[in-house]
Amino acid sequence: MRVSELTRLVIGSFEPGHGSKIGLLREKGKNKKQRALFVVYKLYDNLVAYLAHPKTLKFKKDPIFPIEKGTAISTDRVQRKLHQYCKKAGITERITPHVLRHSFATEWRVTQSKTEIYIYPSMQKVRLAMEKLPGVIFMY
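This write-up is about the structure you can find in this document. In this text the structure is predicted, and so the values were computed from the model without any measurement.

### Digging into the pairing of strand β2 (residues 22-28)
Judged by how many residues are buried, β2 sits mostly within the fold: five of seven residues are covered. In this structure, strand β1 (residues 14-15) lies alongside β2, joined through two bridges in antiparallel fashion. Directly across from Glu 15, in β2, lies its bridge partner Leu 24. Hairpin remark: β2 followed by strand β3 (residues 34-40), antiparallel, with five residues in the connecting loop; positive phi at Asn 31, about 60°.

See below:
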């Protein structure tokens with residue numbers, strides 16, 4: 001996910017209940033194409049707990065990551081926070097959200113190519129299920 005897409009997420013973007021500990025984050029990506037991203041396991045638990053917290057904003061159009069009531073976190077602030085966390089962790093390389101996005105995509109493709117023979121039937125089922133969701137473009 002691009003950092004600009006992350007900062008535009010609103011409470012209504014999250015759809016829990018697509019299976020046991022499976023949810024979707026629907027967002028408009030590049031060229032206003034709607035995409036659905038799976039939210040699973042620990043991230044699902046954390047997001048559900050966060051949204052249930054009394055101090056979390058509750059309206060569907062409220063930002064998921066606000067800095068104050070009704071105002072979403074900026075891309076610059078996300079980049080500064082990432083820089084702070086990297087510094088605290090002792091990481092000296094220049095890490096940006098864009099670098100993380102591409103690193104994840106590269107690792108995912110490598111893993112996919114190594115395990116494709118085993119996961120292809122599962123990926124085919126996921127693709128068919130995703131195609132049934134209205135207005136969703138499934139990319140893999």
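### Side note on a nonpolar patch on the surface
A surface patch of nonpolar side chains, amounting to about 320 Å² of accessible area, comprises Phe 38, Val 40 and Tyr 41. Position of Val 40 among the secondary structure elements: in strand β3.

### Notes on the side chain of Thr 56
Locating Thr 56 in the fold gives a position in the loop between α2 (41-52) and β4 (66-68). A polar contact is formed between the side chain of Thr 56 and the backbone oxygen of Tyr 50, at a distance of 2.4 Å. Ignoring sequence-local partners within four residues, the contact set of Thr 56 consists of Ile 11, Tyr 50 and Leu 51.

### Quick word on the side chain of Thr 7
Following the sequence through the fold, Thr 7 ends up in helix α1 (residues 3-8). Overall, the relative accessible area of 12% leaves Thr 7 in the buried class. Not counting the four nearest positions on each side in its chain, Thr 7 is found in contact with Ala 72, Ile 73, Ser 74, Thr 75 and Val 78.

### Digging into the environment of Pro 16
Tracing the backbone shows Pro 16 in the loop between β1 and β2. Considered as a pair, Pro 16 and Leu 47 are 31 residues apart in the sequence and their alpha carbons are 9.4 Å apart. Among residues more than four places away in sequence, those in contact with Pro 16 are Ile 22, Gly 23 and Tyr 44.

Parameters at a glance
Residues numbered from 1 in each chain as written. Predicted model: local features only at pLDDT ≥ 70, side-chain atom pairs only at ≥ 80, totals over all residues. Heavy atoms only, no water. Buried < 20%, exposed > 50% of the residue type's maximum accessible area, 1.4 Å probe, protein only. Helix = DSSP H or I, 4+ residues; strand = E, 2+ residues; numbered from the N terminus. Pairing = 2+ DSSP bridges. Patch = residues over 30% accessible without salt bridge, like charges linked within 9 Å, V, L, I, M, F, W, Y side chains within 5 Å. Areas by Shrake-Rupley, 256 points an atom, 1.4 Å probe, with all protein chains shown as cover. Salt bridge = Lys/Arg side-chain N within 4 Å of Asp/Glu carboxyl O. Polar contact = N/O pair within 3.5 Å; in protein donor to acceptor, adjacent residues only side chain to side chain. Contact = heavy atoms within 4.5 Å.

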